[in-house]
Amino acid sequence: MQLPSRCTRLPARRTSRRRLATASGAYGLADQIAALRWTRDNIARFGGDPGNITVFGSSAGATFVDSLLGCPDAQGLFRRAVSQSAAGAPVFGFPAGAAEAVADIMLAKLGVPASDLPAVGPERILKAQSEVMAEVQRGEHPECGRMTIPFVPLTSGDLLPRPPYDAIADGVGAEVELIIGTNRDECTLYGLMEEMGASQTGMSPGAWDADPALRDQILDVYARAHAQDSPISPEISMASDRAFRIPSLRIAEAHRRAGGSTRVYQFAWRSPAFDGRVGASHGIEGPFVFDDFALPLTRTLIGEQPPRSVIAAMHGAWASFATTGDPAATGHVPTWPQYTTPGRPTMVFDETTGVAHDPDSAGRAAWNDVDLRLRTPDICAATAGSDLDGALP
């Protein structure tokens, strides 16, 4: 757990003599960097190669992968990275104003000043954290912005002096080989969760509090491209791109422009569960990456007979990339080109896996120059989106 800003301006447990131990607002990121340093320094004793380390993660884990990619202190600790469905807002920056608001709400709920926080038991902190998270997602604290997880690394602090996107655009992480992508129908999961009585997630179609005219303009693009017999609504497709695909594409483009090796994927296989309404939902790619479908929930969302072709392609490509740097080296997927414009080659994982050029292009283009940074009533961020049609090297 991370408590941003005021809650984390406390003496840290010293896991290192480096300045990581004073990384206010980003202790989780500091823990990961400490683990990567330990791995680099010790993996050879276990037969590993300290020069061949890959980090990868899905969802919040992918947001941390993007943060590590844009963190100056993490450079040189890993050679490759895979970012699977990162939640977009934090990579454009979690400003101090929003972090301070979350910290104040958390401290008020616990009923303690920041100086007494180390004495509070973990069960009490976790309970308060869950309550604050649900409240923020429901929009009860507009001063924090509306995020799925308001406990994220603070930008403008020690470890992330700038938002990861900005740092990556300026060349931080350019030496890291990157695979980045999302699932085609990310937000179906959140809509189903809310229908079943879960708290508002902040990721469902109604969570984007943009100008109504802009929202309707973009939604019209998705409605015109919508297949009439599809159980995936235009609203779900728009929300999926807003929260996940477009931020990941912007990271990919920034990394590529800075000279990095960048490959993009889309997980497009759609589960038939819930009459097809699960689709290619958030998190559904994970069992395919690990070739592990043992959990009952996994079988509920995917079915008893996941397609072997998709398992072989994704599991094989990830293992090949981590081992050699070439996801196609073992032949599980065809040649996977670098992400460039105007072609935008994308590896699409489906019953038949292959490269598509600029998939779902109308939806992608609808977001050109739309600002996706976290916005709060007293914080007006500059436009995050560079020209998405600009040439890449």
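In what follows, the structure referred to is the one given above.
So, a few notes on the structure that sits alongside this text. Since we're looking at a predicted model, the values are computed, not measured. (Residues numbered from 1 in each chain as written. Predicted model: local features only at pLDDT ≥ 70, side-chain atom pairs only at ≥ 80, totals over all residues. Heavy atoms only, no water.)

Looking only at helices and strands, one finds twelve helices and six strands in the chain. Taken across its 393 residues, the chain has 55% of its residues classed as buried. Nonlocal contacts in the chain, meaning residues at least 24 apart in sequence, comprise 68% of its contacts between residues at least 6 apart. With the model as given, the accessible surface of the chain reaches about 16600 Å², and the carbon-plus-sulfur share is 53%. (Helix = DSSP H or I, 4+ residues; strand = E, 2+ residues; numbered from the N terminus. Buried < 20%, exposed > 50% of the residue type's maximum accessible area, 1.4 Å probe, protein only. Contact = heavy atoms within 4.5 Å. Areas by Shrake-Rupley, 256 points an atom, 1.4 Å probe, with all protein chains shown as cover.)

This part takes up empty space enclosed by the protein. Under the defined criterion, the tally for this structure stands at one cavity of 30 Å³ or more. Quantified by volume, the largest cavity comes out at close to 100 Å³. Along the walls of the largest cavity sit 14 residues, with R245, L249, V264, T346 and P359 positioned nearest its centre. For the lining of the largest cavity, the secondary-structure elements that each account for two or more residues are β3 (177-183), α8 (234-257) and β4 (262-267). Looking at the lining of the largest cavity residue by residue, the classes come out as five nonpolar, five polar and four charged. (1 Å grid on protein atoms, 1.4 Å probe; cavity = no way out; pocket = protein on both sides within 12 Å on 5 of 7 lines; lining within 4 Å. Points joined across faces, edges and corners; volume = space filled by probe spheres on them. Nonpolar A, V, L, I, M, F, W, Y, C, P; charged D, E, K, R; others polar.)

What follows concerns the pairing of strand β6 (residues 354-357). Taken together, the four bridges between strand β5 (residues 345-349) and β6 define a ladder with antiparallel strand orientation. Bridge pairing in β6 places T346 opposite A356. (Pairing = 2+ DSSP bridges.)

Moving on, we get to the environment of C71. Along the chain, C71 turns up in the loop between α2 (60-69) and β2 (80-84). Its relative accessible area of 0% is what places C71 among the buried residues. Separated by 87 residues in sequence, C71 and D158 have C-alpha atoms that sit 9.8 Å apart. Residues within four places of C71 in sequence aside, it is in contact with L29, I33, L159, L160 and V172.

Further remarks concern the packing of helix α1 (residues 27-42) against α2. Relative to each other, α1 and α2 sit at 70°, their axes nearing to 11 Å. One way to sum up the angle between α1 and α2 is to call them roughly perpendicular. Note on element contacts: α2 touches α1 through F64, S67 and L68, opposite G28, L29, Q32, I33 and L36. Taken together, the residues of the contact of α1 with α2 break down into five nonpolar, three polar and no charged. (Axes fitted to C-alpha atoms, helices over the stretch in contact; angles between N-to-C directions. Parallel < 35°, antiparallel > 145°, perpendicular 65-115°, else oblique.)

Attention shifts here to the packing of helix α3 (residues 96-110) against helix α4 (residues 122-137). The geometry of a pair of packed helices is captured by two quantities: the angle between their axes and the separation between those axes. In the contact formed by α3 and α4, the axes pass within 10 Å of each other and the chain directions differ by 130°. Between α3 and α4, the angle is such that the two are oblique. The handedness of the crossing between α3 and α4 comes out as right-handed. Side by side, α3 and α4 meet where I105, M106, K109 and L110 of the first sit next to R124, I125, A128, Q129, E131, V132 and E135 of the second. Broken down by class, the residue content of the contact of α3 with α4 amounts to six nonpolar, one polar and four charged. (Left-handed = near helix turned anticlockwise from the far one by under 90°.)

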